[in-house]
Amino acid sequence: MNLPETGRSVEELLAEVTRLKEHDLPVRGGKVTAYVYDTGRAAVHEAAARVYLEMLEVNSLDPTAFPSIVEMERQVVGAVADQLGGGHGIFTSGGTESIMLAVKAARDLMGRSRPNMVLPVTAHPAFHKAAHYLGVEVRPVPVDLETFRATAGGLPIDQDTVLVVASAPSYPQGVVDPVEEIAAVAAAAGVPCHVDACVGGWLLPWLREAGAKVPAFDLSVPGVTSISCDLHKYGYAPKGASVVLFKDPAMRRRAYFASAAWPGYTVINTTVQSSRSAGPLGGAWATLQALGRDGYLELGRTTWEAVKRLRSGISEISGLRVLGEPESALVAFTGEDVFTLADEARARGWFLQPQLSFAGIPANLHITVTGVTLAGVEAMLEVIAESAAAARRRGPAVLPEGLVELVVGMDLEALDDAAFAELAAAVGADLRPGAGQPELAVVNAILDALPVAHREAVLVRFLSLIYA
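Residues numbered from 1 in each chain as written. Predicted model: local features only at pLDDT ≥ 70, side-chain atom pairs only at ≥ 80, totals over all residues. Heavy atoms only, no water.

1. Points about empty space enclosed by the protein
Selection rule: Method remark: on a 1 Å grid restricted to protein atoms, a set of points is classed as a cavity if a 1.4 Å probe fits but cannot get out and as a pocket if it is open with protein on both sides within 12 Å along at least five of seven lines; lining residues have an atom within 4 Å of a point. Grid points are joined across faces, edges and corners, and a volume is the space filled by probe spheres set on the points. A run of H or I in DSSP becomes a helix once it reaches four residues, and a run of E becomes a strand once it reaches two; helices and strands are each numbered from the N terminus.
Tallying each qualifying case throughout the model produces three cavities of 30 Å³ or more. Looking at the largest cavity, its volume works out to about 150 Å³. Val407, Val427, Ile446, Val458 and Phe462 are, among the 14 residues lining the largest cavity, the residues nearest its centre. At the level of elements, α12 (403-408), α13 (417-426), α14 (441-449) and α15 (452-466) are the ones that each hand at least two residues to the lining of the largest cavity. The calculated volume of the second largest cavity comes to roughly 60 Å³. Taken together, Val27, Arg28, Gly30, Val32, Thr33, Val36, Tyr37, Asp38, Thr368, Thr370, Thr373 and Met380 make up the lining of the second largest cavity.

This is the structure:
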């Protein structure tokens, strides 16, 4: 039974939380190179946490009931608009929701009966998720396999296209698509163009001031009609903070939802969610105020220094190479057996994010460089070199003979969770409660060998198993 018979004290609850988090990856210190963003400034994170708590129980559902959220959102969205070429924005819970609203606005604006959107294969899966939820066909286009950038030529735009997408940067290799060229093609066809700057929107302007060569990418570019920017990434705000900007306020209104088809309270939503805590908004507002322009510029400088050192250092390690020429703070590298390398690094206390091969791009490891990375960049490079050498000694993950063919030919829906758990455990991926943290080289190697549809089916079953 998960619900206690009697209430528990705060001390008990906090002790239990400490126990539950025992095997979590650390959110501070820079040894986790994905999912978390660290300024290295404890006072900033403390300010965000305190204001987050102050706004925790304020409901962002109704701005007329809680005018504080209106003023906070105006300030936060205004700061983002100042950095990204103006526009009219909405504060959201994250990049996926920002992208969902951008796709909805474009779909509703264009009013096509069989809508489609055109996006590079390196575009974030949030677009595929939005397409799935909103009934929009995805038309993926390849990228250049030397630069990993999208190209503006040959975009499959037709009379049913409602949106064209570019990334600044794309997450996998950290490169910026040619936004000016892609937006010009979209505009010539009379189609909206969204720039996914969820990762780079709040970072690239500071990197430009720090000396990085950053191409034009924001709402100041002719033809760009919307842009998304996550503040819980390089804005360093607590999770649940993003902004989507629209060039035209009429297009922003297309992102809204209203319903009067019931006898209850007035329903008008700016976001996908209805009731939601104003905590993330308060945390984002506090972070922006605590850091200020000087703080973000300094973080940009140290981040860019770390990126340059990391790129050069990885290139000096035998058997490894950086993919493309990252223009942001995302670095991806490949080698003989990156999945085993990731396991070796994890054993040494560092998390490097595996990325599967796709559309001609090889399997690789991804590093998100943050404000705290520079202080530990030499230690990170030492671990990568040690892990690469250890991976060479171990050799690549060996897949059981015939396993991939077995999975491809299997009806996974016919297996219950217990049967799938036994299958997963047999290949070294025991994710059942109490099994501990498995090495994932074999799991990633299996996923990498499977066709995309089968990868997705297996991933869904793994997730179901984790939460069983």
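2. Some remarks on the nonpolar core
Heads up, the rule is: By nonpolar core is meant a set of buried Ala, Val, Leu, Ile, Met, Phe, Trp, Tyr and Cys residues that side-chain atoms within 4.5 Å join together. The rule is simple: take the accessible area with a 1.4 Å probe, protein chains only, and divide by the maximum for that residue type; under 20% is buried, over 50% is exposed, in between is partly exposed. Between two residues, a contact is recorded if the distance between any of their heavy atoms is within 4.5 Å.
Counting 96 residues, the largest nonpolar core has Leu231 and Ile314 as its most contacted members. Among the elements that take part in this core, helix α9 (residues 279-315) stands out by supplying 12 residues, more than any other. Ignoring any residue separated from it by four or fewer positions in sequence, one finds Leu231 in contact with Val76, Val80, Trp202, Tyr236, Ala237, Ala241, Ser242, Val243, Ala284 and Leu288. Core analysis: the next-biggest nonpolar cluster, separate from the first, contains 26 residues, Ala106, Met110, Ala131 and Leu134 among them.

3. Comments concerning the packing of α13 against α15
What counts, and what does not: Only the stretch in contact is used when fitting a helix axis, every axis being a line fitted to C-alpha atoms; angles between N-to-C directions are given from 0 to 180 degrees. Oblique is the label for every angle not falling under 35 degrees (roughly parallel), over 145 degrees (roughly antiparallel), or within 65 to 115 degrees (roughly perpendicular).
Interhelical geometry of α13 versus α15 gives an angle of 105 degrees and a closest axis separation of 10 Å. Compared by their axis directions, α13 and α15 come out roughly perpendicular. Packed against α13, whose contacting residues are Asp417, Phe420, Ala421 and Ala424, the element α15 presents Val458, Arg461, Phe462, Ser464 and Leu465 at the interface.

4. Structural notes on the sheet that holds strand β10 (residues 321-322)
Selection criterion: Two strands are counted as paired when DSSP detects at least two bridges linking them.
Taken in spatial order, the four strands of this open sheet run β10-β11-β13-β12, and their pairing is antiparallel. Either end of the sheet is taken by a strand with one partner, and the two such strands are β10 and β12 (353-355). Pairing geometry for strand β11 (residues 330-334) and strand β13 (residues 364-368), over four bridges, is antiparallel. Note on β13: the bridge partner recorded for Leu330 is Thr368. Packed onto the sheet, α9 meets β10, β11 and β13 and runs at close to 5 degrees relative to β11.

5. Some thoughts on a nonpolar patch on the surface
This is how it is decided: Like charges within 9 Å and nonpolar side chains (Val, Leu, Ile, Met, Phe, Trp, Tyr) within 5 Å are joined into patches, using only residues over 30% in relative accessible area that form no salt bridge. Computed by Shrake-Rupley with a 1.4 Å probe, the accessible areas treat only the displayed protein chains as cover when residues are assessed. Here a salt bridge means any side-chain nitrogen of Lys or Arg lying within 4 Å of a carboxyl oxygen belonging to Asp or Glu.
Together, Leu463, Ile466 and Tyr467 make up an exposed nonpolar region whose accessible area comes to about 370 Å². Counting through the fold element by element, Tyr467 comes out in the segment after α15.

6. Section: the pattern of salt bridges
This model, assessed by the stated rule, comprises 16 salt bridges. Arg455 is the salt-bridge partner of Asp448, the closest N and O atoms lying 3.7 Å from each other. Members of the salt-bridge network, linked through shared partners, are Glu344, Arg348, Glu386 and Arg394.

7. Details of the layout of surface pockets
Of the volumes computed, that of the second largest pocket is approximately 530 Å³. Surrounding the second largest pocket, 23 residues form its lining, Ser60, Pro63, Val70, Glu73 and Thr270 being those nearest its centre. Breaking the lining of the second largest pocket down by element, the ones donating at least two residues are α3 (67-83), β1 (88-92) and β9 (267-269). Examining the composition of the lining of the second largest pocket, we find that six residues originate from one element, α3, more than from any other.

8. Describing the packing of aromatic side chains
Rules: We call Phe, Tyr and Trp rings a pair once their centres come within 6.5 Å, taking the six-membered ring for Trp, and we label the pair stacked below 30 degrees between planes, edge-to-face above 60, and tilted otherwise.
What the rule picks out here adds up to eight aromatic pairs. Aromatic side chains Trp202 and Trp206 sit 5.9 Å apart centroid to centroid with 70 degrees between the ring planes, which places their arrangement in the edge-to-face category. With respect to burial, Trp202 and Trp206 carry one shared label: buried. We classify Trp206 as buried; its relative accessible area is 4%. Aromatic rings pair up to connect Tyr37, Tyr234 and Tyr236 into one cluster.

9. Things to note about the environment of Val58
By the element assignment, Val58 lies in the loop between α2 (42-55) and α3. Apart from the residues within four sequence positions on either side, Val58 is in contact with Phe66, Ser68, Ile69, Arg276, Ser277 and Ala278.

10. Considerations on unusual backbone geometry
What you tend to see is this: most non-glycine residues have negative phi, and most peptide bonds are trans. The omega torsion across Ala168 and Pro169 is -5 degrees, close enough to zero to call that bond cis. Note that Pro169 resides in the loop between β4 (161-167) and α6 (179-188). With phi around 65 degrees, Tyr236 is a residue other than glycine that occupies positive phi space. Along the chain, the position of Tyr236 falls in the loop between β6 (226-230) and β7 (242-246). Located in the positive-phi region is Ala359, a residue other than glycine, with phi close to 50 degrees. Looking at where Ala359 falls in the secondary structure, it is placed in the loop between β12 and β13. Overall, Ala359 belongs to the partly exposed group, its relative accessible area being 42%.

11. Focus: the sheet that holds strand β5 (residues 193-196)
Pairing is mixed across the open sheet formed by seven strands, whose spatial order is β1-β7-β6-β5-β4-β2-β3. Either end of the sheet is taken by a strand with one partner, and the two such strands are β1 and β3 (137-141). Direction aside, the axes of adjacent strands within the sheet are offset by 20 degrees on average. Here β5 runs beside β6; their pairing, made up of three bridges, is parallel. Bridge pairing in β6 places His194 opposite Ser226. Together, β2 (116-120), β3, β4 and β5 form the strand contacts of helix α5 (residues 126-134), whose direction differs from that of β2 by roughly 170 degrees.

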